[in-house]
Structure formats: C-alpha cells, structure tokens
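# Architecture at a glance
Each chain, letter by letter, is given below.
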Amino acid sequence: MFLFICLFILFCCDLNLGQFENDSQSEPVCPDSCFLQKELDAMKEKLGAMENMLRDSQTRVINSENQITELKNQASVKVIFSAAAGGNGTIGPFNTDTTLIYRTVITNIGNAYSQATGVFTAPVAGVYYFSIFYHAGGEHEGKLLLYKNNDLMVMTHDHKSDSDTADNGGNTVFLQLQRGDQVYVRLPANTHVWGYDHHTTFSGFLVTQM
C-alpha cells in the first residue's frame, strides 16, 4: 500500500512538471531582450543617417576644395605683354598686306606673345585688352589693322599728306577669347609705320578669365 502511494505521488509530480515546461515554452522569452532589440534597431537607424550626413559633408568639402583650387589657379594666371616694332626706319610700304612683327619685346609675362611671328595666342579663355599705336610720316598712308583669328576687330589710320609730315594713330579694344585664339596686327599694302623702339607698339593683358 505504501509503495502504491509513493508511485501515485511521483506520477502527479511528473504531470505538474510537464505542465510547467509547456507553460514556460508558451510564455515569451525575457521581455528585457525585446526592449534591447528595439533600442539596437533605433541606434542602427541613427547611425545610418549619420553616415549619410557624413558622406554628404565630405562631398561638399571636396567640391569646395576643388573650387578653391580652381580660383587659385585662375588667380595665378597672369598674361601681360608689350612690344615695339623695332628697326632703324620705316616699315613698308609693301605690295601685299603683311603681319607686323614687333621685335622689341618690352614685357611678356606668360609668354603668350611670339617675338618670332608677331602673334599673340591666348593661353586661357577670358576677356583681354589690346592696344595698338603707331607713328609714321605723311608721304604714305599710315594704317594698322588688328585681327582676331581671321576677323578684323579694330583699325587706326591716317591719310597720305604732303603738308603733314608726321602722323600718329592708335586704338584699343576688349576681346573675348577662347584658349588658342590668335590676335595680331596687319600692315596693309602700300602703307607704312616707323619702326624704332619707342613709336609703334602692340600691347595687351588678360582682364579676367571666363
């Protein structure tokens, strides 16, 4: 009888233990872990947003640095030249139009003017200022033509005169040039200028880049 009672008690304990295990499995795991997971997800989202902001900031910094570098490069480009026709007397008259070569270089910052050809070649795109002046006698017409590539831009001239033995003329112009554009001065056929170092000049400089 005693043995029967003991077996009955053990059987009841097994039933209660099995019910406890089932109840434990049906209940959610520690509620604190759910809260921590939500906090972790929120932190990940904030971190992703901060990474995007950091990338945007880095992009803006790089763009700003590039702009600063470009401005510095523009500021460092200086183009200034001035040259005189040179020689020991009159230049011309010739039978055909002739590119006037200003052989006495006074200033040539940037080396855009060629002493060998008389041609100025724009090293950068921008607005340039040019001036031409001449001195000549009255026995022939005095005349100079300033060209941009193949296009006449400005001129200066005086007619032949028996009474006026000395002529002076000049002109200036602002030109918008692209890199590689050429500016030069032509002496038309049957005209002349004085070729000394101080009378007939061709000058120019870069005003601003574009």
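To start, this report covers the structure provided alongside it.

Quick notes on the rules
- Residues numbered from 1 in each chain as written.
- Predicted model: local features only at pLDDT ≥ 70, side-chain atom pairs only at ≥ 80, totals over all residues.
- Heavy atoms only, no water.
- Helix = DSSP H or I, 4+ residues; strand = E, 2+ residues; numbered from the N terminus.
- Buried < 20%, exposed > 50% of the residue type's maximum accessible area, 1.4 Å probe, protein only.
- Contact = heavy atoms within 4.5 Å.
- Areas by Shrake-Rupley, 256 points an atom, 1.4 Å probe, with all protein chains shown as cover.
- Pairing = 2+ DSSP bridges.
- Axes fitted to C-alpha atoms, helices over the stretch in contact; angles between N-to-C directions.
- Core = buried A, V, L, I, M, F, W, Y, C linked by side-chain atoms within 4.5 Å.
- Phe/Tyr/Trp six-rings, centres within 6.5 Å; stacked < 30°, edge-to-face > 60°.

A word on the overall build of the chain. Counting secondary structure elements, the chain contains two helices and twelve strands. Across the 210 residues of the chain, 29% fall into the buried class. In the chain, the proportion of contacts linking residues at least 24 apart, taken out of those at least 6 apart, comes to 74%. Of the roughly 13,900 Å² of accessible surface on the chain, a fraction of 57% belongs to carbon and sulfur atoms.

By the secondary structure assignment, Asn190 is in the loop between strand E10 (182-187) and strand E11 (193-194). Residue classification places Asn190 among the exposed residues on the basis of a relative accessible area of 51%. A sequence separation of 98 residues divides Asn190 from Gly92, and the C-alpha atoms of the two residues are 7.1 Å apart. Residues in contact with Asn190, not counting those within four places in the same chain, are Pro93, Phe94 and Glu141.

This part takes up the sheet that holds strand E9 (residues 166-177). Pairing is antiparallel across the open sheet formed by five strands, whose spatial order is E4-E1-E12-E6-E9. Of all strands in the sheet, those bounded by a partner on one side alone are strand E4 (104-109) and E9. Between one strand axis and the next, the sheet turns by 10° as a mean value, whatever way the strands run. Two elements, strand E6 (residues 126-137) and strand E12 (residues 201-209), share eight bridges in a ladder whose sense is antiparallel. Residue pairing for E12: Tyr129 is matched across the bridge by Phe205.

As for its position among the elements, Phe130 is in strand E6. The sequence separation of Phe130 and Leu206 amounts to 76 residues, and the corresponding C-alpha distance is 9.1 Å.

Turning next to the nonpolar core. As a rule of thumb, soluble globular proteins bury nonpolar side chains together. Among the nonpolar cores identified, the biggest contains 29 residues, and Tyr102, Phe120, Tyr128, Phe130, Leu144, Leu146 and Phe202 are the most heavily contacted of them. For this core, the secondary-structure elements that each account for two or more residues are strand E1 (80-84), E6, strand E7 (142-148), E9, E10 and E12. Examining the composition of this core, we find that five residues originate from one element, E6, more than from any other.

Along the chain, Thr201 turns up in strand E12. Taking the relative accessible area as the measure of exposure, Thr201 reaches 16% and is therefore buried. For Thr201, the residues in contact, after removing those within four places along its chain, are Ala83, Ala84, Tyr102, Ser131, Ile132 and Phe133.

Here we come to the packing of aromatic side chains. Evaluated as defined, the whole model comprises 14 aromatic pairs. Aromatic side chains Phe81 and Phe120 sit 5.2 Å apart centroid to centroid with 20° between the ring planes, which places their arrangement in the stacked category. With Phe81 in strand E1 and Phe120 in strand E5 (residues 120-121), this residue pair connects regions lying 39 residues apart in the sequence. Of the residues examined, Phe120 reaches a relative accessible area of 1% and is grouped as buried. Ring centres 6.2 Å apart and planes at 20° place the aromatic pair Tyr128 and Phe130 in the stacked group. Taking relative accessible area as the criterion, Tyr128 reaches 0% and is therefore assigned buried. Site record: aromatic cluster; members linked through ring pairs are Phe81, Tyr102, Tyr113, Phe120, Tyr128, Phe130 and Phe202.

Let us look at unusual backbone geometry. Omega for the bond connecting Gly92 with Pro93 falls within 30 degrees of zero, at 0°, which places this linkage in the cis form. The backbone of Asn111 sits at a positive phi, close to 55°, despite the residue not being glycine. With respect to the helices and strands, Asn111 occurs in the loop between E4 and E5. Take Asn111: its relative accessible area is 63%, and that puts it in the exposed class. Here the phi dihedral of Asn190 falls at roughly 65°; this positive angle occurs in a residue that is not glycine.

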